[in-house]
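Tertiary structure, described
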Amino acid sequence: MTVNLNNYENIENKLRKLSYYSGHHELKELKGKVDSKLKDLKEQPVYIMIVGDGKRGKSTLLNALIGQDLAEVNFLPKTWRIDTYTTTNDEEYAELVWEEDGQERKEKTTFEKAFATCKEIETKQKQVTRNMEEWKSDLKQINWYVKTNWDLRGRALVDTPG
């Protein structure tokens, strides 16, 4: 099955028309539901998940789609967290999502700092593995806001662990 991702604008336009006409004809309940869907469409991206076994090229595919080498690629599986990639027209940045004591905390940072943080966590993980200790990082996700030629407006690519 082929999905045309450019239909996003078409769906948005049809919902706007439906909202207008339902308001014009005093169908308040329908207008409220349509307006809610329009808001969701703007605020909640459609997630395009890239899933599969480890070392099968998920991160390589993602890098090709966004036109940058952001998803780390190696001869050993490298993805140990969830990474989302969303288009931005403004500055590029990374958003680290930490989970500590059941509470989520987001930290806006540069790509360089995000890469350095991941390297520190990987080093710590290797150290505790050698010592047979149990440890889990509080970093659970990174949201990458990137400039790309591929139109991701309203969508986010998701790279998952293999």
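Further up the page is the structure itself.
Model, not experiment: these values are computed from the prediction. (Residues numbered from 1 in each chain as written. Predicted model: local features only at pLDDT ≥ 70, side-chain atom pairs only at ≥ 80, totals over all residues. Heavy atoms only, no water.)

1. Considerations on the packing of aromatic side chains
- Applying the stated rule across the entire model yields five aromatic pairs.
- Arranged with centres 6.2 Å apart and planes meeting at 10 degrees, the rings of Tyr85 and Trp144 form a pair that is stacked. Taken together, the residues Tyr85 in strand 2 (residues 82-87) and Trp144 in strand 5 (residues 139-146) connect sequence positions 59 residues apart. Like Tyr85, the residue Trp144 is buried in the burial classification.
- The interplanar angle of 70 degrees and the centroid separation of 5.2 Å between the aromatic rings of Phe111 and Trp144 together place this pair among those described as edge-to-face. With Phe111 in helix 4 (residues 111-130) and Trp144 in strand 5, the pair connects residues that are 33 residues apart, well separated along the chain. A single burial state applies to Phe111 and to Trp144, both of which are buried. (Phe/Tyr/Trp six-rings, centres within 6.5 Å; stacked < 30°, edge-to-face > 60°. Helix = DSSP H or I, 4+ residues; strand = E, 2+ residues; numbered from the N terminus. Buried < 20%, exposed > 50% of the residue type's maximum accessible area, 1.4 Å probe, protein only.)

2. So, the nonpolar core
- Formed by 18 residues in total, the largest nonpolar core has its most connected members in Leu62, Tyr85, Leu139, Ile142 and Trp144.
- Elements that contribute at least two residues to this core include exactly helix 3 (58-66), strand 3 (93-100), helix 4 and strand 5.
- Setting aside its immediate chain neighbours within four residues, Leu62 contacts Ile50, Ala71, Tyr85, Leu157, Val158 and Asp159. (Core = buried A, V, L, I, M, F, W, Y, C linked by side-chain atoms within 4.5 Å. Contact = heavy atoms within 4.5 Å.)

3. Concerning the sheet that holds strand 2
- Read from one edge to the other, the open sheet built from six strands follows the order 1-6-2-5-3-4, with strand pairing classed as mixed. Two strands lie at the open edges of the sheet, namely strand 1 (46-50) and strand 4 (103-109), each paired on one side alone. Each adjacent strand pair in this sheet contributes to an overall mean axis angle of 20 degrees, direction not counted.
- Pairing geometry for strand 2 and strand 6 (residues 155-159), over three bridges, is antiparallel. In the sheet register, Tyr85 faces strand 6, and the bridge partner there is Leu157.
- This element, helix 3, spans strand 1, strand 2 and strand 6 of the sheet and lies at about 150 degrees to strand 6.
- Here helix 4 sits on the sheet in contact with strand 3, strand 4 and strand 5, set at roughly 155 degrees to strand 5. (Pairing = 2+ DSSP bridges. Axes fitted to C-alpha atoms, helices over the stretch in contact; angles between N-to-C directions.)

4. Description of helix 4
- Between its first and last C-alpha atoms helix 4 spans 29 Å; for 20 residues at 1.5 Å apiece the expected length is 28 Å, and the two agree.
- The complete set of buried residues in helix 4 reads Phe111, Ala114, Thr117, Cys118, Ile121, Glu122 and Val128. Down the axis of helix 4, the smallest arc covering the buried residues is 135 degrees, so these residues share one side. Summarising the geometry of helix 4, the exposed residues directed more than 90 degrees from the buried face are Glu112, Lys119, Glu120, Lys126 and Arg130.
- Residues of helix 4 that are buried sit in contact with strand 3, strand 4 and strand 5. (Expected span 1.5 Å × (residues − 1). Arc of directions from axis to C-beta.)

5. Focus on the pattern of salt bridges
- If you walk through the whole model with that rule in mind, you get ten salt bridges.
- Notably, a salt bridge pairs Arg81 with Asp83, separated by 3.2 Å at the nearest N-O pair.
- Residue Arg81 is classed as buried on the basis of its relative accessible area of 11%.
- Residue classification places Asp83 among the buried residues on the basis of a relative accessible area of 2%.
- Between Glu107 and Lys113 there is a salt bridge; the shortest N-O distance is 3.1 Å.
- Judged by relative accessible area, Lys113 falls into the partly exposed class, the value being 40%.
- Look at the salt bridges and you will find they share partners, linking Glu100, Arg105, Glu107 and Lys113 into a network. (Salt bridge = Lys/Arg side-chain N within 4 Å of Asp/Glu carboxyl O.)

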